[in-house]
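# Descriptive structure summary
The residues making up each chain are set out below.
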Amino acid sequence: MSNRLLEINNLNIAFGSGKNVFNAVTDLSLSVSKGQTAALIGESGSGKSVTSLSVLKILPANGRAESGSIRFDDKEILQMTEKEMQKIRGNEISMIFQDAIASLNPAMKVGIQITEGLKYHKQIAKSELRTVALSLLEQVGFHNPAHIFDQYPSQLSGGMKQRILIAMAISCRPKLIIADEPTTALDVTIQRQVLDLIADYKIREDASVLMITHDFGVVAEYADWVYVMFGGRIVESGDVFTIFNNPIHPYTKGLIGCIPSMESDSERLKSVYDYSFEEAGYKGRKFAPETYSMESKVYHAPSSLIEVEPGHYVRLFDENEVTIVG
Amino acid sequence: MDKHLITIQNLSKYFMTKTGIHKAIDGITLDIFKGETLGIVGESGSGKTTLGRTIMRLYEPEHGNITFDGLDITHMPEKKLRPYRKEFQMIFQNPYESLSPRLTVGEILEEPLVIQRMLSKEERTKKAYNLLEKVGLPKTSYLKKIHEFSGGQRQRIGIARALMLDPKFIIADEPVSALDVSVQAQVLNLLKDLQSELDLTCLFISHDLGVVHYMSDRVAVMYLGHLIELAPKDELYRNPIHPYTKSLLSSIPIADPERRNAYREPIILPDKPLYPPQLIHVGSDHYVSANMINIKEFEIENNRNLIRN
C-alpha cells in the first residue's frame, strides 16, 4: 500500500475544440503523501487552479482531462461516474476556494450551511446537527459559536467567512483538503490565522493538504513538498528545503528573488528575467518566458523533467529545439 | 528653507453610513519630508486609502489641515487649487479601472497637460514619448489602446501619466497589489529608480509589509483609522512597540523554511480607542500611540524620559 494519497500522472487538460484548443495543463505529475502538505505554486494563468479543479472533476464545461490519471486513495478519479464523485466531494476531498463571498449562500444562516455536507454524507440525527455545527465553529476559532450559527454571510467579515468555509470543508473529516489561494484576499494577520487552522486540522486528523498559491512565503512556512508550475507544466519540484536552498529553474529563482526581504537592506528586487540556467551550470539551456506564449507562436521545446539530485526535478528548456505552434 | 513638503495636522475624514458616523481617519498628524518615501501600512479598513485621498483633496476633510510646501490647501476652492494640483499626483491601485479604455495611450498621457493648459501640441507629444521610454515601454505604445497591454504594462502607463506634469509629490496607493509577483518586482524597481532620478517625495500605501520595507525610508502604521506607530524603517521593523504592529510583523510568512518554527508573537487586535491616540516620542525618531503603552513602566524599563509630542 503506497503512502501516496493523491497521485496525478501525466495529466493533460485542454479547453475548447477544433482549431481553438488550448492546452492548459501539459504532462503534469504530482503526488501528495499522507499527512503532508504539497504546494502548487505559480502565477495567474499557469494552470494551477485548473489542476485542482480536475481532481474534483469540476472543470468548466469546455474543459476536459484528455489523458493521464488521477489516483486518489488507490481509486482512479478520471474513471469515476458522477455518482461516485459525489461521494468523494466534500466527504473525502474538500476544497476551500479563494473567494469566500462567492462560495457561501447569502440567503442561508452559516450554521445551517456548514452542516449541509454532514446531512448529505454522514448518518447524523437531525437533532445532533446543531451540536456538531457549534463544535465545528468552535474548532475554527469562534468564541461565541451560538451567536455565529444564526448569522448570514453578509454579517461576517472576510476572515470570518473564510473560517466558515474551513468549518464546512472539515465537517466530514476529509482525507485531503485542496486550498486554492485561500488567503489571497485577506489581511496578513487573518491570513496567518486561516493558514494555522488548516495546518492544525492536518496534524489533528493526519490529513493531507494540496495548497495552491503564488506566495513563496506561505510555501516556506506550511509546505513539505513544492511543485512550481509555469505555462501549464511543472518546471521544478522537490522538498521545501531543497527548493529554497538550491533552486535551479530561473522561474523558481525569480519567484523567490522577487520577494522583498525585511531584514537585509534593499538591493534591487530580482525577477524571472534576471536568471538563466547558465549560472546553475546548464550550458546552452535557456528559459524565455516571453517567447513561451501562444501569441508569438514559438516556444523553446521543454525537456522532460530531469532528476538533478534525489527527489529534486527540474525541467530545462533547450534553445536548439524551437517549435512553431500551429 | 522648510524641510517638510507636507504637514498634516489632526486630519479627520468621516463618512455617513446607515448605522451612523464612520470615522475613516481620525486625528492624523504627520509630516512628510522632502525627498523621502513615507510608507503607510495597515489592513483593509484601516483608513490608509482615505488618508491618501484626503491629502489629494479628493475628499473634503472634517477637521484638521493639510499644508503643501508651506501653503494651506485644506479648504482651498477647486479653481484656486488647480494650478497646484500638478504638483501632487496619484498612482492608483487598479490599472484596469483607472485608465480609460476609449483613449489611446498618447491621449491618456497628454490629458493632464491639456487640462493644465501646458505646452504646445508638439511638445506634449514629445513629452509623452519621453515618458514612455522612461517607464520602459516601446514607442509604438503611443497609438495603442489600454486593452492591448498586460497588467504590468498598464501600471507603467499609470506611472507615466502621474509623471507627465513633473510633480513634486506622488501618492502611490497599492500600486502593485493587482499584479503577479514577478511583474510586481519590476514595477517596484521602476518606481524606485524614477523616484531617485526625479527626486520625488512619495507617500507609498500598501498592505504588504515587505513591499513597504523595500520602498520606504520611514513607515507609519495605521489601525482602525488611527496612526499608531511611526518610525524610520529599520527601527520599526526591528523594535516594534505597539502590540498591533508586533502582530502585523509576526504574521508575515518568512520565505525561509528553516525558520518556520521560530517563536511568533501572538496576534493581538486591540479594540479601537474612543479618542485618537497621542503619539509620543520614544527615541530614534520612533513615535508610538500613548494609549497603548504604560508610559511610566516604559520609562523605567528603558531608562528614558518620554517627551510628549
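Just above, that's the structure.
Just so you know, these numbers come straight off a predicted model, no measurement behind them. (Residues numbered from 1 in each chain as written. Chains lettered and ligands numbered in written order. Predicted model: local features only at pLDDT ≥ 70, side-chain atom pairs only at ≥ 80, totals over all residues. Heavy atoms only, no water.)

## Description of the side chain of Asn-189 of chain B
The topology assignment puts Asn-189 of chain B in helix H6 (residues 181-198). Judged by relative accessible area, which is 7%, Asn-189 of chain B ranks as buried. Polar side-chain contacts of Asn-189 of chain B include one of 2.8 Å to the backbone oxygen of Leu-269 of chain A. With residues up to four places along the chain from it excluded, the contact list for Asn-189 of chain B reads Arg-268 and Leu-269 of chain A together with Tyr-214 of chain B. (Helix = DSSP H or I, 4+ residues; strand = E, 2+ residues; numbered from the N terminus. Buried < 20%, exposed > 50% of the residue type's maximum accessible area, 1.4 Å probe, protein only. Polar contact = N/O pair within 3.5 Å; in protein donor to acceptor, adjacent residues only side chain to side chain. Contact = heavy atoms within 4.5 Å.)

## Let's talk about the packing of helix H8 (residues 158-170) of chain A against helix H9 (residues 188-205) of chain A
All names here are of chain A. One way to put it is that H8 packs onto H9 with a least axis distance of 10 Å and a crossing angle of 10 degrees. Classified by the angle between their axes, H8 and H9 sit roughly parallel to one another. Contacts between H8 and H9 involve Gly-159, Gln-162, Arg-163, Ile-166 and Ile-170 from the first element and Ile-190, Val-194, Leu-197, Ile-198, Tyr-201 and Arg-204 from the second. Of the residues belonging to the contact of H8 with H9, the class tally is 7 nonpolar, 2 polar and 2 charged. (Axes fitted to C-alpha atoms, helices over the stretch in contact; angles between N-to-C directions. Parallel < 35°, antiparallel > 145°, perpendicular 65-115°, else oblique. Nonpolar A, V, L, I, M, F, W, Y, C, P; charged D, E, K, R; others polar.)

## Comments concerning the pairing of strand E6 (residues 93-96) of chain A
Residue and element names in this part refer to chain A. Taking every second residue as pointing to the same face, both faces of E6 are buried, with Ile-93 and Met-95 on one and Ser-94 and Ile-96 on the other. Where E6 and strand E7 (residues 176-180) come together, 4 bridges link them in parallel fashion. Following the sheet pairing, Met-95 is matched in E7 by Ile-178. (Pairing = 2+ DSSP bridges.)

## Remarks on the interface of chain B and chain A
The interface of chain B with chain A comprises 36 residues on the first partner and 40 residues on the second. Roughly 3,300 Å² is buried in total at the junction of chain B and chain A, and carbon and sulfur atoms are behind 55% of that figure. The tally of links from chain B across to chain A stands at 0 salt bridges. Put simply, chain B and chain A have 9 residue pairs in polar contact (both at pLDDT 80 or more) between them. Within the residue set of the side of chain B that touches chain A, elements represented by two or more residues are H6, helix H7 (209-215), helix H8 (233-238) and helix H9 (243-251) of chain B. (Buried area = accessible area lost by both parts, 1.4 Å probe. Salt bridge = Lys/Arg side-chain N within 4 Å of Asp/Glu carboxyl O.)

## Overview of the pattern of salt bridges
All names here are of chain A. Going through the model one piece at a time under the given rule, you end up with 22 salt bridges over all chains. Across the salt bridge formed by Lys-202 and Asp-224, the nearest N and O atoms sit 3.6 Å from each other. Of the two residues, Lys-202 is situated in helix H9 and Asp-224 in the loop between helix H10 (216-222) and strand E9 (225-230); the sequence distance between them amounts to 22 residues. According to the relative accessible area criterion, Lys-202 is buried, its value standing at 12%. Through salt bridges with shared partners, a single ionic network connects Asp-73, Lys-75, Glu-92 and Lys-175.

## Some words on the nonpolar core
Core analysis: the largest hydrophobic core is formed by 72 residues, its most contacted members being Phe-216 and Val-219 of chain A together with Ile-159 of chain B. When residues in this core are grouped by element, the largest group, 7 residues, is from H6 of chain B. Built from parts of two domains, this core gets at least three residues from each of domain 1 (4-245) and domain 2 (246-326) of chain A. Setting aside anything within four residues of it in sequence, one finds Val-219 of chain A in contact with Ala-39, Ile-41, Thr-213, Val-226, Val-240 and Phe-244 of chain A together with Arg-260 of chain B. Val-110, Leu-186, Val-194 and Leu-197 of chain A belong to the second-largest nonpolar core, a separate cluster that totals 36 residues. (Core = buried A, V, L, I, M, F, W, Y, C linked by side-chain atoms within 4.5 Å. Domains from an automatic or database assignment.)

## So, the environment of Ser-54 of chain A
Residue and element names in this part refer to chain A. As for its placement among the helices and strands, Ser-54 is situated in helix H1 (residues 48-55). Setting aside chain neighbours within four positions, we find Ser-54 in contact with Leu-11, Ile-13, Leu-59, Ile-70 and Ile-77. Of the polar contacts made by the side chain of Ser-54, one reaches the backbone oxygen of Thr-51; its length is 2.6 Å.

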